[in-house]
Amino acid sequence: MGELVDKIKGNLNEAAGKIKQESNNPETRDEGAAQELKGKGQQLAGKVKGALGDDI
């Protein structure tokens with residue numbers, strides 16, 4: 001179950017980050033880039049959990 005949750009959270013963070021990067025405010029763009037990267041990390045964690053099981 002953790003696999004699916006991580007992938008969903010990752011998708012949401014990545015989407016929110018992409019939206020923030022469209023802002024005219026440089027701080028918001030930087031925040032968006034960081035949030036998108038966080039989302040990609042969460043998706044990777046979900047894939048690892050799926051491959052190894054939720055026991056990690």
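Residues numbered from 1 in each chain as written. Predicted model: local features only at pLDDT ≥ 70, side-chain atom pairs only at ≥ 80, totals over all residues. Heavy atoms only, no water.

Asker: Provide a residue-level description of helix H1 (residues 2-20), including the pertinent values.
Answerer: One turn of the α-helix equals 3.6 residues, which is why residues spaced by three or four share an orientation. Taking 1.5 Å per residue, 19 residues should reach 27 Å; H1 reaches 27 Å between its end C-alpha atoms and fits that length. Residues of H1 that are buried include every one of Asp6, Gly10, Asn13, Glu14 and Gly17, and no others. The arc that holds every buried residue of H1, seen down its axis, measures 100°, which confines them to one face. Those residues of H1 that are exposed and angled more than 90 degrees off the buried face are Leu4, Leu12 and Ile19. (Helix = DSSP H or I, 4+ residues; strand = E, 2+ residues; numbered from the N terminus. Expected span 1.5 Å × (residues − 1). Buried < 20%, exposed > 50% of the residue type's maximum accessible area, 1.4 Å probe, protein only. Arc of directions from axis to C-beta.)

Asker: Which residues make up a nonpolar patch on the surface, and what values go with them?
Answerer: On the surface, a nonpolar cluster with roughly 310 Å² of combined accessible area is contributed by Leu4, Ile8 and Leu12. Take Leu12: it is sitting in helix H1. (Patch = residues over 30% accessible without salt bridge, like charges linked within 9 Å, V, L, I, M, F, W, Y side chains within 5 Å. Areas by Shrake-Rupley, 256 points an atom, 1.4 Å probe, with all protein chains shown as cover. Salt bridge = Lys/Arg side-chain N within 4 Å of Asp/Glu carboxyl O.)

Asker: Any chance you could break down the packing of H1 against helix H2 (residues 26-52) for me, citing the residues and the numbers?
Answerer: At a closest axis distance of 7 Å, the pairing of H1 and H2 adopts a crossing angle of 160°. Taken together, H1 and H2 sit at an angle that is classed as roughly antiparallel. The two elements H1 and H2 cross, and the hand of that crossing is left-handed. (Axes fitted to C-alpha atoms, helices over the stretch in contact; angles between N-to-C directions. Parallel < 35°, antiparallel > 145°, perpendicular 65-115°, else oblique. Left-handed = near helix turned anticlockwise from the far one by under 90°.)

Asker: Lay out the environment of Ile19 in plain terms, naming residues and giving numbers.
Answerer: Tracing the backbone through its elements, the reader meets Ile19 in helix H1. For Ile19, a relative accessible area of 63% puts it in the exposed group. As a C-alpha pair, Ile19 and Gly32 span 13 residues in sequence and 7.2 Å in three-dimensional space.

Asker: Break down H2 for me, citing the residues and quoting the values.
Answerer: Between its first and last C-alpha atoms H2 spans 39 Å; for 27 residues at 1.5 Å apiece the expected length is 39 Å, and the two agree. The inward-facing, buried residues of H2 abut H1. Count one or two residues on from H2 and you reach Gly53, which has phi positive near 95°. (Contact = heavy atoms within 4.5 Å.)

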